[in-house]
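As a plain string of letters, each chain reads:
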Amino acid sequence: MYDIAIIGAGPAGATLARLIGKQFKTLLIDKGRIVPSEGQETSAKCCGGLLAPDAQKMLARMGLGLPRDVLVGPQLFAVRTIDVPNRLERYYQRSYLNIDRGQFDRWLVSLIPPDVDMLPACFFRSLQQDREGVTLHLAQDGKTFSERAKTVVGADGAFSLVRKQAFPGHPAPRAYVAIQEWLKADKALPYFTAIFDPEITDFYSWIIPKYDSVIIGSALRPGDTAPGKFERFKKKLRERGFEFGESIEKEGTLLLRPRLTAHINTGRSNVALIGEAAGWISPSSAEGISYAFRSALALAGALAPGLGGFQGRYARNTGQLRWNILLKNLKAPFMYNSLLRKLIMKSGLKSIDVKNILPFSPQK
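Calculation notes
Residues numbered from 1 in each chain as written. Predicted model: local features only at pLDDT ≥ 70, side-chain atom pairs only at ≥ 80, totals over all residues. Heavy atoms only, no water. Phe/Tyr/Trp six-rings, centres within 6.5 Å; stacked < 30°, edge-to-face > 60°. Helix = DSSP H or I, 4+ residues; strand = E, 2+ residues; numbered from the N terminus. Buried < 20%, exposed > 50% of the residue type's maximum accessible area, 1.4 Å probe, protein only. Lys NZ or Arg CZ within 6 Å of the ring centre and 35° of its normal. Salt bridge = Lys/Arg side-chain N within 4 Å of Asp/Glu carboxyl O. Contact = heavy atoms within 4.5 Å. Polar contact = N/O pair within 3.5 Å; in protein donor to acceptor, adjacent residues only side chain to side chain.

## Considering the packing of aromatic side chains
(1) Moving on: Tallied over the entire structure, the rule returns 12 aromatic pairs.
(2) Moving on: Aromatic pair Y176 and F203: ring centres 5.1 Å apart, planes at 50 degrees, arrangement tilted. Highlighted residues: Y176 in strand β10 (residues 174-184) and F203 in the loop between β11 (192-196) and β12 (205-210), separated in sequence by 27 residues. Considered together, Y176 and F203 belong to a single accessibility category, that of buried residues.
(3) Moving on: Geometrically, the ring pair formed by F196 and Y204 is tilted, given 6.3 Å between the ring centres and 35 degrees between the ring planes.
(4) Moving on: Looking at R257, its charged tip hangs above the ring of F203, at a distance of 3.9 Å from the centre.
(5) Moving on: The positively charged end of R257 is found above the aromatic ring belonging to Y336, 4.6 Å away from the centroid.

Now the structure itself:
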């Protein structure tokens, strides 16, 4: 029997495995091919691949520096903010690290100590809890089997099957579907562009330069209208002078937006949740990597004295993180309320002047 089984090897799960792997007998399970030594490509999450300042701060706190092959061009130092209904545009200084998300995830997995057992390309199907631990029902290479663990940690993202099975009655954050498309681009844009257009979404849309390509994406309410709204978004970009080449790839994923701290679920008994599986993600920007790191650190600290009573320690360790979610929700109206956003952008508060204006004008 394992002490701890972690479902999901993204930033949250890989970080927790790295932190606890030498103290506990640990199993890391992921549906992707997560072991670099196998020489097989890992599947990258649908993600814009921007490392925000909060995530950079967490890397610094953990004493980690990014290897060169994780970084891609161009590096970005400003956010271009476009308010479509109010016909406003501003630039704000904010330094992002532009990364290859697949390489980033592979690097995090490579830091896990060899003491941790890994099951790549393995699918979690269900769990059964009892007094002694948890039975995990898994599938790999067309075969089904079981593993036992005293404690299970769900780090399996927004569409967490661990959360759904262990806590079916817990209130869930509002769900969005993030659709994004990679397109060829002749000229690299030097900005991360955030677009607010309530005709498309009550969240936001984005344009991110990457290599010789550009990523166009939007966070949309799920349903039959989402694909059509995404196509409408691309059409509006073209109408406003934005040019892009042929499509390379289209991808999508579920995205959570916790509007209440009650939407956060850290777990109970012998099942814990970290990262977006627990609801840890910014409700204002949808940034999740820093929350993945912070929740993994919080749980690792709670486990350090032992498995007994760890849930109470984990809940206490995430007190500041809950407060952060509350503050982000207080900030959200200034971004998503049309009148408040107009007042802030009109004031020019904290904005910067950019001389090289690119051909995308909301006044057209």
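Resuming the write-up.
## Observations regarding the pattern of salt bridges
(1) Moving on: If you walk through the whole model with that rule in mind, you get 14 salt bridges.
(2) Moving on: Here E199 and R232 are joined by a salt bridge, their closest N and O atoms 3.1 Å apart. Separated by 33 residues along the polypeptide, E199 in the loop between β11 and β12 and R232 in helix α5 (residues 226-239) bring together distant segments of the chain.
(3) Moving on: The exposure class assigned to E199 is partly exposed, which follows from its relative accessible area of 43%.

## Focus: the environment of S205
(1) Moving on: Along the polypeptide, S205 turns up in strand β12.
(2) Moving on: With 27 residues separating them in the primary sequence, S205 and A178 have C-alpha atoms 9.1 Å apart.
(3) Moving on: Contacts of S205, omitting those with residues within four sequence positions, involve T193, A194, I195, I200, G217, S218 and F233.
(4) Moving on: In terms of polar contacts, S205 uses its side chain to reach the side chain of S218, at 2.8 Å.

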